[in-house]
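Given next are the chains, with one letter for each unit.
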Amino acid sequence: MLLVLFSVFLMATASTAGGSLNAKDMHSIIDFAECQNLKKLCTHHKSTDNLSMLECALTFSSSQLEELPESCQNALWLQQRQLQLPAWLESTFLPAYCPAERSKLESCLNAVHLWSCLEQQRLKLPQNNACHKHLRRAYESLGQDYSAVDEFYTACGPLVEENKCGRLNIDHLPSVLSQLGTVQCLQESATKTGIEPICQAAINSIELQRGMLELFRVCQEDFSSLCSQEKSGTAAGFKCLVRHKNHPSMSPQCSAQITLRDQQMGRDYRVSHGLAKACKDDIKLYHCRRGVSEDKHVRLAQILLCLESVSKNGTKLAPACLTELIDHRRMLMTDYQLSPELLNDCADDIPKFCPDEHKAQLVNGMTSTGGEIIHCLLEHVKARRQQRRVTAQCQRGLETLIKASDAGEDWRVDPVLRRACKPVVDVACKSVQGGDARVMGCLMEHIGTPVMLPDCEQALLIIEYFVARDFKLDPQLYKHCREDAVKYCRAKRQWDDAQNIQMDPERGPMILPCLHRMAFSEDKHQTLGKDCFKEVKRVMRQRAISMDLIPEVEDYCLNDLSAFCADCTEKGSEMECLQKNMDQLQPDCKTVVVKYTEEEAAHVELNPVIMNVCGEAMQQHCSAILNSGKDNGDMMDCLIAHKNDADLRKDLRCRAAIEHFQIISLKSFHFTTKFKDACRPFVQRFCSSSATKNEVVACLSEVMRNDTIKAQRHQIPKECRHQVKAQLYQQRESIQLDPKLGNACKRELEQFCEEEKEPGQALECLIRKTHSLGKPCHHAIFMVKKSELGDSGTDYTLLTTCKEMIYKFCPSTDSSKLLDCLKTYKDDTQFDQRCHLVVVNRMIEQNTDFRFNPSLQSACGKNIDRFCSNIVASALPNEELNGKVIRCLKDKFRQSALDEPCAQEMTKILQEQALNYKLNPLLQVFCKLEIQELCKANVDSDEHGQLAECLKTAFLQKQIINRECQMEVATLIAEAKADIHVDPILETACTVDLLRYCSKVAVGNGRKLSCLKTLVKDTPNSLEADCREKLLRRIEMFRNADDTLALPPEDVQQLVQQVVASPARKFFLVILMSATGLVFLTGIFLGRATKRAMGLKNK
């Protein structure tokens, strides 16, 4: 009979669950035979209704509850559950206990939070009201955590009823753990019928909290000593234990329990009750379970990534959820066991690469301070040698960990980084607001500064290694560049996309390099936003400090880095190493290094060495470029232009960095941005076979030179010509920048110029020693002189030594013609002597070979082809002609055979040679002994024509014995007959007379001199005494010179030339015609006589 009544009770309960319970269906629990103990234990209760019995049972001790039969517990459990059913309250509770107040209370039956509403209504009732009393009794019978249990009631209520598994909270456990007995019954009884997924999820949740309960039981003493400020069994209490997991005083049993809990949490986020509770709504709202049913486990990393994605994409999470999110990110980086991916994927890597840390974890159940195993694995992700690298699957797991923990956003997330960098942050970044990677950015900016600590730098670069490979891990960059990345670089709009892992360098596009290209795109329709542009520059500058942070290079150059750069540890040294060994790199590595070097040349912020050691120089000399925010090669050009200034000559580190870049840029013209942009089409057109930049420069320079000599329109535009000249100028400053010359003259540099260390001095030394150079070096110097003397804009020594004179005398002169301008003013009293010496030396070099004098080539090109082609044809390549062509032109000048432009140019040359014998290479060679013996006193005054006058006097006095010297001096004297301007001493002495008597006489062909000769013959007293004396002396010299130069002809051609050149050529013409006439008359006479004789013979 009792069983029947009990069954009726269950049916009534079931019908209540369906919402149709009536008063007649109610049965008293105390009437059940299984619940007879209630009569004994609840005698203090005046009423025996079900609510009273439930109230009584909830006051029992654990032993008293254990004595209650399971069927009675099930009845009481069902009664407690009914208290949360609106239908039961409406049909049973309110009619029985609150009939008068029913109308007011029924409004709460449809409320979202039923008992919260009823409580509010209760508080409005009088204290002595019966309904007030019953409502309070019912509310207290629910228990403090009734809302937490409600989910379990809803999910598993029918199954509990079906299997009669309702159980009371025997151990008085908190919250949903009060249902632990019910869950155990279900797990035992429902195996055959099966459990619905929604109920299984609720059961799993209780099981997880049961594990938490066990943890606090095992860790009770540890909790008391380490976390006394927290409440046991709470999420905050658990986090406290996790934080102290590696504390020396923590017991191994507690540490092991925490480790087990960590592993469970990694596999299922719901193990973390705090996270599951605080983020419940957000997880549901944003579908973070991604279609996974409630009874299935969801990894902690998946939930964290989802919530991070929501936050990064601009949606605000609930404050409590955000707090939990931050806490769990820190926990992930503290204990690798929270990440199932690492446990599985790195199972072999941990003992292999981190044996010490792994041993400590096995022996002590802990690591030394937390996070060391993770950092050990992270270090071996970026190992240079493949055998020292973790496996690919372990690397994937680490990438997931860094992303899930968002370690790049907050430096405090990583315990190793936090410990290592706290002293640095306290000093260098104390005023920087936390969050959004601002402190991380501050730390990156201080790498290489005195305040940075080695341990901090190492830990920081490990995290940045991963940040560099996923632009989303840099909050500021992602925030400002997300739209541009989506628009231009095929980035995904969502921060986390489980189906499309597109940010991995091995599995998708590299977003940051793409953004960098777009930042400096010339297409006005494809430009980055202002804030994005600023962030891209910041990130690229920070990345440049380490090869690890440049994945687009590092990933292709691992083998070459191991082979060539294993010892490079300085900031930026690995890239310098790759650049130095560029020709030996593997093809893929060489391609990316070339590309990066091009970008480095255009944007100096990518060059960590320059940025580190040249900061002051950039501020002092190139501040306008810094302030503009635009570079495109301007900064390097500026630094190169100022590298020999006084301050930079003292700053050896900056100067060395600039010179290193210059040397690297020699490998390809693409490494000099301005040159590349200006000259690329013309390199392809004229110099396609040239490999290095120097070869390209030499090729384009030759094209420019030929255009100048031929006086034709330049084929290369002005901007490219300017860049070519700039490169030649740099080569002249340092032989290091001209490897071809350096290799050819290596022996000579060591032998003659070892002490010449200043800019440009080594080259000047080699030029001075031209006659002592070996052939390879001589040929190389010949090409340098040909280029330098052909365009003054490339002459480093001339431009630097004569800087003030150029500004004073030649401010508007084209740089290529500065030497010609300076020649004009070199004898000015205000002309600088150092510059004067350089100009004279350049003039001496020009007179050794016509190819060194573009003006002479241009003016006399046709005459050289006509009269001196045999000399040019027989010349050795790349060797000076030692004035032979100029001597040939001198001969034609004396004969007045030159074209007018050429004659004018030769007049200038001869005038300069007359004033300075050093400008006449043949005179120096043939008259070397005579100069030393006869004119030693005049050597020091050689720039005023005194030495040439001394040789002329010696010639007149027959003191010169050497035939070759005689001929050279005679030639020097005879040249004045063609034009008085080439005899500056005579011209100076006769200046007044020339103006007075010969001003209307045309210049050239000896006309001015003939005018003076006529005057001295007809009216000698009309001339100034000094002019008359020097003129008479010259006339005597002319006669002696003519005699010396009048050599017997060696062939008919020379005879004809001498006759034509002779002043008595008319006399020779008369004699020739007379002889011809005589021969003609003799022929006539002999012809008639022969005819007569033949006639007589025939008779």
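Residues numbered from 1 in each chain as written. Predicted model: local features only at pLDDT ≥ 70, side-chain atom pairs only at ≥ 80, totals over all residues. Heavy atoms only, no water.

Trainee: Before we move on, can you summarise a nonpolar patch on the surface with the specific residues and values?
Mentor: A grouping of Leu 1069, Leu 1072 and Met 1073 is seen on the molecular surface, where their side chains present a nonpolar patch of about 320 Å² in accessible area. Locating Leu 1072 in the fold gives a position in helix α65 (residues 1065-1098). Take Leu 1072: its relative accessible area is 52%, and that puts it in the exposed class. (Patch = residues over 30% accessible without salt bridge, like charges linked within 9 Å, V, L, I, M, F, W, Y side chains within 5 Å. Areas by Shrake-Rupley, 256 points an atom, 1.4 Å probe, with all protein chains shown as cover. Salt bridge = Lys/Arg side-chain N within 4 Å of Asp/Glu carboxyl O. Helix = DSSP H or I, 4+ residues; strand = E, 2+ residues; numbered from the N terminus. Buried < 20%, exposed > 50% of the residue type's maximum accessible area, 1.4 Å probe, protein only.)

Trainee: I'd like a rundown of unusual backbone geometry, residues and numbers included.
Mentor: Phi angles above zero are rare outside glycine, and His 287 is one such case at about 55°. Following the sequence through the fold, His 287 ends up in the loop between α17 (280-285) and α18 (300-312). Positive phi is not limited to glycine here, since Lys 958 has a value of about 60°. Following the sequence through the fold, Lys 958 ends up in the loop between α58 (946-956) and α59 (963-978).

Trainee: For the state of the cysteines, give the residues involved together with the corresponding values.
Mentor: As enumerated under the stated definition, the model contains 32 disulfides in all. Residue Cys 687 pairs covalently with Cys 699 via a disulfide, S to S 2.0 Å. Its S-S torsion of approximately -90° makes the covalent link between Cys 687 and Cys 699 left-handed. Taken together, the residues span a long stretch of sequence, with Cys 687 in the loop between α41 (673-686) and α42 (693-709) and Cys 699 in helix α42 at a distance of 12 residues. (Disulfide = S-S within 2.5 Å.)

Trainee: Would you mind going over the packing of aromatic side chains in detail, with residue names and values included?
Mentor: Summed over all chains, the structure comprises 11 aromatic pairs. Ring geometry for Phe 93 and Tyr 97: centres 5.0 Å apart, planes at 50°, overall tilted. Of this pair, Phe 93 and Tyr 97 both sit in helix α6 (residues 86-97), four residues apart, roughly one helical turn. The two residues Phe 93 and Tyr 97 agree in class, both being buried. Three or more aromatic residues joined by ring pairs make a cluster, and in this case those are Trp 88, Phe 93 and Tyr 97. Over the aromatic face of Tyr 465 sits the side chain of Arg 469, whose NZ or CZ is 3.6 Å from the ring centroid. (Phe/Tyr/Trp six-rings, centres within 6.5 Å; stacked < 30°, edge-to-face > 60°. Lys NZ or Arg CZ within 6 Å of the ring centre and 35° of its normal.)

Trainee: Report on helix α29 (residues 511-519), specifying residues and quantitative values.
Mentor: Counting buried positions along α29 gives eight out of nine residues, so the element sits mostly inside the fold. Considered for burial, the residues of α29 that qualify are Ile 511, Leu 512, Pro 513, Cys 514, Leu 515, His 516, Met 518 and Ala 519. Check the buried side of α29 and you find it contacts α28 (475-489), α30 (530-543), α31 (551-554) and α34 (587-602). (Contact = heavy atoms within 4.5 Å.)

Trainee: Break down the pattern of salt bridges for me, citing the residues and quoting the values.
Mentor: Here the structure, examined in full by the defined rule, presents 50 salt bridges. In this structure, the salt-bridge partner of Lys 674 is Asp 634, at a minimum N-O distance of 2.8 Å. Placement of Lys 674 in helix α41 and of Asp 634 in helix α38 (residues 634-642) is noted, with a sequence separation of 40 residues between them. Its relative accessible area of 29% is what places Asp 634 among the partly exposed residues. Among the ionic contacts, a cluster of salt bridges with common partners joins Lys 643, Arg 655, Glu 659 and Glu 733.

Trainee: Can you tell me about the confidence of the model for the chain, naming the residues and giving the values?
Mentor: When pLDDT is averaged along the chain, the result is 82; 90% of the residues meet or exceed 70. Within the model, pLDDT remains below 50 along residues 365-369, and this stretch shows 18 contacts once partners closer than five positions in the same chain are excluded. Under a pLDDT of 50 for its full length, residues 498-509 has, in the predicted model, 26 contacts with residues more than four places off or in other chains. (pLDDT = per-residue confidence, 0-100.)

Trainee: Could you give me a rundown of the side chain of Thr 848, with the residues and numbers involved?
Mentor: Note that Thr 848 resides in the loop between α51 (833-846) and α52 (854-867). From its side chain, Thr 848 meets the backbone oxygen of Glu 845 in a polar contact 2.5 Å long. Ignoring any residue separated from it by four or fewer positions in sequence, one finds Thr 848 in contact with Glu 880, Leu 881, Asn 882, Gly 883 and Pro 921. (Polar contact = N/O pair within 3.5 Å; in protein donor to acceptor, adjacent residues only side chain to side chain.)

Trainee: Hey, could you go over the nonpolar core for me, with residue numbers and the actual values?
Mentor: Membership of the largest hydrophobic core comes to 127 residues, with the highest contact counts inside it found for Leu 241, Leu 443 and Val 593. When sequence neighbours within four positions are dropped, the list of residues in contact with Leu 443 reads Cys 421, Val 424, Val 425, Cys 429, Met 452, Cys 456 and Leu 460. (Core = buried A, V, L, I, M, F, W, Y, C linked by side-chain atoms within 4.5 Å.)

Trainee: Let's hear about the packing of helix α3 (residues 50-57) against helix α9 (residues 130-142): which residues, and what values?
Mentor: Axis separation between α3 and α9 bottoms out at 10 Å; the angle between their running directions is 45°. With respect to α9, the element α3 is oriented oblique. Crossing geometry of α3 relative to α9 is assigned as left-handed. Facing Leu 51, Ser 52, Leu 54 and Glu 55 of α3, the residues of α9 in contact are His 134, Arg 137, Ala 138 and Ser 141. Grouping the amino acids of the contact of α3 with α9 by side-chain chemistry returns three nonpolar, three polar and two charged. (Axes fitted to C-alpha atoms, helices over the stretch in contact; angles between N-to-C directions. Parallel < 35°, antiparallel > 145°, perpendicular 65-115°, else oblique. Left-handed = near helix turned anticlockwise from the far one by under 90°. Nonpolar A, V, L, I, M, F, W, Y, C, P; charged D, E, K, R; others polar.)

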